[in-house]
Amino acid sequence: MVVIKKLELSLDLTRPTEELIQTIITLLEFFPGQQLEILQQVDHRVGEMLAALQKSQQEPEEKVAGG
């Protein structure tokens with residue numbers, strides 16, 4: 001059995017969304033039975049990042065409106 005401990009990817013940075021999706025799909029293939037847990041952790045982290053970005057974008061708008 002071949003054990004892969006390192007995977008190198010080449011990404012097209014002009015297509016970030018598609019490349020991220022394909023990278024996740026590729027990585028999940030190496031972790032049968034763990035896909036749900038991995039995706040839940042990714043979902044949680046992405047949710048935190050989205051919340052932080054939304055908050056940082058709302059703060060300047062509130063300063064201008066209140067300002």
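No experiment lies behind these values; they were computed from the predicted model shown. (Residues numbered from 1 in each chain as written. Predicted model: local features only at pLDDT ≥ 70, side-chain atom pairs only at ≥ 80, totals over all residues. Heavy atoms only, no water.)

Engineer: Go over the overall build of the protein chain with me, naming the residues and quoting the values.
Structural biologist: The secondary structure content of the protein chain amounts to two helices and zero strands. For a compact globule of 67 residues, the expected C-alpha radius of gyration is about 11 Å, and the protein chain comes in at 18 Å, more than 25% above that figure. Principal-axis analysis of the C-alpha atoms places the extent of the protein chain at approximately 65 × 30 × 15 Å. Looking at the 67 residues of the protein chain, the share that counts as buried comes to 6%. Carbon together with sulfur atoms contributes 59% to the accessible area of the protein chain, which is approximately 6,400 Å² in total. Seen as two clouds, the 6 positive and the 11 negative side-chain charges of the protein chain have centres 8 Å apart. (Helix = DSSP H or I, 4+ residues; strand = E, 2+ residues; numbered from the N terminus. Rg over C-alpha atoms; globule rule 2.2 N^0.38 Å. Buried < 20%, exposed > 50% of the residue type's maximum accessible area, 1.4 Å probe, protein only. Areas by Shrake-Rupley, 256 points an atom, 1.4 Å probe, with all protein chains shown as cover. Lys, Arg positive; Asp, Glu negative; His and termini not counted. Charge placed at Lys NZ, Arg CZ, Asp CG, Glu CD.)

Engineer: Describe the environment of threonine 23, listing the residues and the values that go with them.
Structural biologist: Take threonine 23: it is sitting in helix α1 (residues 16-28). Each C-alpha atom, one on threonine 23 and one on lysine 63, is 39 Å from the other, the two residues being 40 residues apart in sequence. Filtering out sequence-adjacent residues up to four positions away, threonine 23 remains in contact with Leu9 and Leu11. (Contact = heavy atoms within 4.5 Å.)

Engineer: Any details on the pattern of salt bridges? Residues and values, ideally.
Structural biologist: All chains considered together, the criterion is met by one salt bridge. Lysine 6 is the salt-bridge partner of glutamate 8, the closest N and O atoms lying 3.8 Å from each other. As far as burial versus exposure is concerned, glutamate 8 and lysine 6 are alike and both exposed. (Salt bridge = Lys/Arg side-chain N within 4 Å of Asp/Glu carboxyl O.)

Engineer: If you had to explain α1 to someone new, which residues and values would you point to?
Structural biologist: Here α1 spans 18 Å end to end across 13 residues, near enough to the 18 Å set by a 1.5 Å rise per residue. Listed as buried for α1 are Glu19, Thr23, Thr26 and Leu28. (Expected span 1.5 Å × (residues − 1).)

Engineer: Tell me what's going on with a nonpolar patch on the surface, and back it up with residues and numbers.
Structural biologist: A surface patch of nonpolar side chains, amounting to about 890 Å² of accessible area, comprises Val2, Ile4, Leu7, Leu9, Leu11, Leu13, Leu27, Phe30 and Phe31. Inspection of the secondary structure puts valine 2 in the segment before α1. (Patch = residues over 30% accessible without salt bridge, like charges linked within 9 Å, V, L, I, M, F, W, Y side chains within 5 Å.)

Engineer: Could you give an account of the environment of threonine 14, with specific residues and numbers?
Structural biologist: Mapped onto the elements of the fold, threonine 14 is located in the segment before α1. Assessed through its relative accessible area of 67%, threonine 14 is described here as exposed.

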